[in-house]
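# Inside the fold
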Amino acid sequence: MKDNKYPYFPNNFLWGGAQAASQADGAYKEDGKGLNSSDVQPYLKGLSNDKIQELETEGMTLAQVKENIKDTTDYFPKRFGIDFYHTYPEDIKLLADMGFKTFRTSLDWSRIFPNGDDAEPNKSALEHYDKMIDCMLSYGIEPIITMNHYETPINITIEYGGWPNRKVIPMFEKFGKTLLDWFGKKVKYWIVVNQINMVQIEPFLSVGVCSDQYENEEEALYQAVHNQMVAAAWIKQYAKSLNNPDIHIGTMVADGTAYPASCKPDDVILTMRQNRLQYFFTDVQFRGYYPEYAKNYFAERGDKLDIENDDMELLANNHMDFLAISYYYSKVVDSTKNEYRPSDTTKNPYLKESPWGWAVDPQGLYNTLSQYWDRYQKPIIIAENGIGMYDKVEDGKIHDPYRSEYISAHVEQVGRAIHDGAKVIAYCAWGPIDIVSCSSQQMSKRYGFIYVDKDDEGNGSGRRLLKDSYYWYKNVISSNGKEI
């Protein structure tokens with residue numbers, strides 16, 4: 001434990017953690033739930049971490065998705081999660097005992113509208129989530145709710161071709177309206193789409209598109225993002241009509257800010273252009289129009305998006321209220337290795353990596369927060385930050401100094417950004433209770449302060465154990481970030 005060099009957190013700062021229903025809830029056969037994009041991803045036993053990541057980026061064909069729906073042999077971890085659907089009362093109490101001020105999770109779209117195009121919502125699902133939110137509130141924990149965290153109903157992929165189809169927009173708008181009508185008096189902070197820019201890396205999870213559904217995949221993916229942004233603007237418009245000033249509608253990105261590999265002008269300029277392709281998502285949602293650099297990018301590649309006049313009016317009049325950011329690592333752009341296209345980056349040779357190849361760069365978080373604040377002056381929520389590591393249980397205990405060291409270094413940089421003027425209102429450590437990994441479907445890739453006795457193939461008691469980092473983070477919260 002050390003004193004924070006930048007202990008500038010406001011008294012009302014929201015310390016907490018985050019997860020996704022798709023990785024935690026389980027109970028995939030209960031209360032009328034339908035399958036979603038996460039539920040059809042099998043655990044790929046025997047593959048290296050690098051190979052698992054490669055296959056995740058490639059996605060699945062439509063035939064593979066249909067096969068996985070019928071598959072009764074392979075293990076699909078996200079269908080089971082950590083059984084948070086049933087254990088949330090005990091789990092939320094553990095978070096409350098740690099001192100959590102906020103907890104971010106999602107409300108599974110495929111549980112509330114099992115097929116996506118259902119005429120009416122699944123009332124039993126709404127009642128379940130009502131109890132879960134009430135449980136948080138009873139401990140003084142502020143809910144931050146994500147409307148769609150990789151939970152697009154699989155029927156939308158199969159029958160509609162995913163988010164590129166404009167027919168999906170009103171389906172999601174109905175879902176968003178249902179959530180605001182049902183929970184709007186209890187939940188202040190709403191993230192419409194998790195990591196909207198991850199369509200560049202995880203197209204299947206992000207927008208429900210299979211690798212063989214569209215001839216021009218890039219065009220389809222950007223159309224999908226446009227449709228998501230239009231739906232988000234409509235939800236913002238609907239939220240305004242409720243005349244409830246406590247409702248805040250935000251967007252979220254996974255940080256993609258890159259450094260130039262050198263001060264060579266070619267590296268600097270290519271990096272600037274790459275970073276603008278990351279800012280594209282927030283530029284549209286905070287400024288309300290498509291910037292010229294984006295229009296030029298699409299024109300150069302022959303991508304033609306179906307954009308209606310009403311879309312642009314919605315976007316112009318309904319900017320997002322806050323920005324949520326996930327931050328894990330940074331990369332660089334090298335003009336001799338990379339091209340001008342999204343997420344074409346290179347590893348930073350000056351940084352150490354996690355077992356999954358994610359570079360550890362605390363100062364990158366300070367850079368990211370500063371850049372986004374300077375660009376928009378919008379409140380910022382750190383919606384995810386953490387490190388996935390292999391944990392070992394020894395005599396019923398888990399000693400994980402590497403986790404405390406990682407978060408300590410990053411929290412210090414958050415304080416530094418706040419000191420320099422960035423209005424950061426919340427810090428949510430990712431996966432405070434171990435959950436199934438989004439990218440690799442592994443339980444062994446652990447982020448939590450709380451260990452869950454379950455392995456990659458679903459074996460284990462599910463028992464919760466408190467790691468050393470649990471007590472460390474509890475002290476960080478109680479000291480309001482002064483002691484890290």
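Notes on the structure follow. Bear in mind that the values here come from a model prediction, so they are computed numbers and not experimental data.

Turning our eyes to something else, we now look at the overall build of the chain. Within the chain one finds 16 helices and 14 strands. What you see for the chain is a C-alpha radius of gyration of 21 Å, in line with the 23 Å of a compact globule of 484 residues. Oriented by its inertia axes, the alpha-carbon framework of the chain measures out at about 60 × 55 × 50 Å. Per-residue burial over the chain gives 61% buried out of 484 residues.

Moving on to the layout of surface pockets. Computed from the structure, the second largest pocket encloses a volume of approximately 330 Å³. Every residue lining the second largest pocket is counted, 15 residues in all, and those nearest its centre are Pro42, Leu44, Leu55, Gly59 and Met60. Listing elements by their share of the lining of the second largest pocket, those giving two or more residues are α2 (49–58) and α3 (62–70). Element by element, the count of residues in the lining of the second largest pocket is highest for α2, at three residues. The class makeup of the residues in the lining of the second largest pocket is seven nonpolar, six polar and two charged.

This part takes up the state of the cysteines. The final tally for this structure, using the stated rule, is zero disulfides. Distance from the sulfur of Cys210, which forms no disulfide, to the nearest cysteine sulfur (Cys438) is 16 Å. Its relative accessible area of 1% is what places Cys210 among the buried residues.

On to the packing of aromatic side chains. Applying the stated rule across the entire model yields 37 aromatic pairs. Centre to centre, the rings of Tyr297 and Phe298 are 6.1 Å apart; their planes meet at 70°, and the pair counts as edge-to-face. On the basis of relative accessible area, Tyr297 is assigned to the buried category, the value being 1%. Connected via pairs of aromatic rings, a cluster forms that spans Tyr222, Phe280, Phe281, Tyr290, Tyr297, Phe298 and Tyr340. The ring of Tyr340 has Arg273 lying over it, and the distance from NZ or CZ to the ring centre is 3.8 Å. The cationic tip of Lys445 hangs over the ring face of Trp358; the distance from NZ or CZ to the ring centre is 4.0 Å.

Attention now goes to the sheet that holds strand β7 (residues 322–327). Overall, parallel pairing links the eight strands, which are arranged β1-β2-β3-β4-β5-β7-β9-β12 in a closed barrel. Direction aside, neighbouring strands of the sheet carry axes that sit 25° apart on average. Inspection of the sheet shows β7 paired to strand β9 (residues 380–385) by five bridges, in the parallel sense. Its bridge partner lying in β9, Ala324 is registered against Ile381. Where helix α11 (residues 265–287) meets the sheet, its contacts fall on β5 (248–254) and β7, and the angle it forms with β5 comes to roughly 165°. Contacting β1 (14–18), β7, β9 and β12 (424–430), helix α15 (residues 401–419) crosses the sheet at an angle of about 170° to β12.

On to helix α12 (residues 292–301). Here α12 has its buried residues at Tyr293, Ala294, Tyr297 and Phe298. Seen along its axis, α12 keeps its buried residues to an arc of 135°; they face one direction. Along α12, the residues that are exposed and aim more than 90 degrees away from the buried face are Glu292, Ala299 and Glu300. Contacts made by the buried residues of α12 are with α10 (217–241), α11 and α14 (362–376).

All told, the structure shown has 26 salt bridges when counted by the stated rule. Lys45 is the partner of Glu457 in a salt bridge, and the nearest nitrogen-oxygen pair spans 3.4 Å. With Glu457 in the loop between β13 (450–452) and β14 (464–466) and Lys45 in the loop between α1 (21–24) and α2, this pair connects stretches of sequence that are 412 residues apart. Among the salt bridges present, the one from Asp134 reaches Lys186, with a minimum N-O distance of 2.8 Å. In this pair, Asp134 sits in helix α6 (residues 123–138) while Lys186 sits in the loop between α8 (168–183) and β4 (189–193), placing the two residues 52 residues apart along the sequence. Bridged by salt links that share partners, the residues Asp391, Asp400, Arg403, Asp434, Arg446 and Lys467 form one connected network.

A cluster of nonpolar residues, Val268, Ile269 and Met272, forms a patch on the protein surface that exposes about 230 Å² of accessible area. Turning to its location among the elements, Met272 is positioned in helix α11. Its relative accessible area of 35% is what places Met272 among the partly exposed residues.

Turning next to the packing of α10 against α11. Running from amino to carboxyl end, α10 crosses α11 at an angle of 30°, the nearest separation of the two axes being 11 Å. Compared by their axis directions, α10 and α11 come out roughly parallel. The way α10 lies across α11 gives a crossing that is right-handed. Seen from α10, the contacting residues are Tyr222, Val225, Met229 and Ala232; seen from α11, they are Phe280, Phe281, Val284 and Gln285. Residue classes in the contact of α10 with α11 are distributed as seven nonpolar, one polar and no charged.

Attention now moves to the pairing of β9. Of all six residues that make up β9, six are buried, and the element is covered over most of its length. In this sheet, β12 lies alongside β9 in parallel orientation, the contact comprising three bridges. Across the sheet, the residue bridging to Ile380 is Val424, located in β12.

The residue Ser330 is located in the loop between β7 and β8 (331–333) in this model. In this structure the side chain of Ser330 is engaged in a polar contact, spanning 2.6 Å, whose partner is the side chain of Asp361. Residues contacting Ser330, with those up to four places away along its chain left out, are Tyr259, Leu351, Ala359 and Asp361.

Let's shift gears to the environment of Ile418. Checked against the element boundaries, Ile418 lands in helix α15. Spatially, the C-alpha atoms of Ile418 and Arg464 are 34 Å apart, while their sequence positions differ by 46 residues. Setting aside residues no more than four positions away along its own chain, Ile418 makes contact with Tyr8, Phe9, Pro10, Phe13 and Val424.

Calculation notes
- Residues numbered from 1 in each chain as written.
- Predicted model: local features only at pLDDT ≥ 70, side-chain atom pairs only at ≥ 80, totals over all residues.
- Heavy atoms only, no water.
- Helix = DSSP H or I, 4+ residues; strand = E, 2+ residues; numbered from the N terminus.
- Rg over C-alpha atoms; globule rule 2.2 N^0.38 Å.
- Buried < 20%, exposed > 50% of the residue type's maximum accessible area, 1.4 Å probe, protein only.
- 1 Å grid on protein atoms, 1.4 Å probe; cavity = no way out; pocket = protein on both sides within 12 Å on 5 of 7 lines; lining within 4 Å.
- Points joined across faces, edges and corners; volume = space filled by probe spheres on them.
- Nonpolar A, V, L, I, M, F, W, Y, C, P; charged D, E, K, R; others polar.
- Disulfide = S-S within 2.5 Å.
- Phe/Tyr/Trp six-rings, centres within 6.5 Å; stacked < 30°, edge-to-face > 60°.
- Lys NZ or Arg CZ within 6 Å of the ring centre and 35° of its normal.
- Pairing = 2+ DSSP bridges.
- Axes fitted to C-alpha atoms, helices over the stretch in contact; angles between N-to-C directions.
- Contact = heavy atoms within 4.5 Å.
- Arc of directions from axis to C-beta.
- Salt bridge = Lys/Arg side-chain N within 4 Å of Asp/Glu carboxyl O.
- Patch = residues over 30% accessible without salt bridge, like charges linked within 9 Å, V, L, I, M, F, W, Y side chains within 5 Å.
- Areas by Shrake-Rupley, 256 points an atom, 1.4 Å probe, with all protein chains shown as cover.
- Parallel < 35°, antiparallel > 145°, perpendicular 65-115°, else oblique.
- Left-handed = near helix turned anticlockwise from the far one by under 90°.
- Polar contact = N/O pair within 3.5 Å; in protein donor to acceptor, adjacent residues only side chain to side chain.

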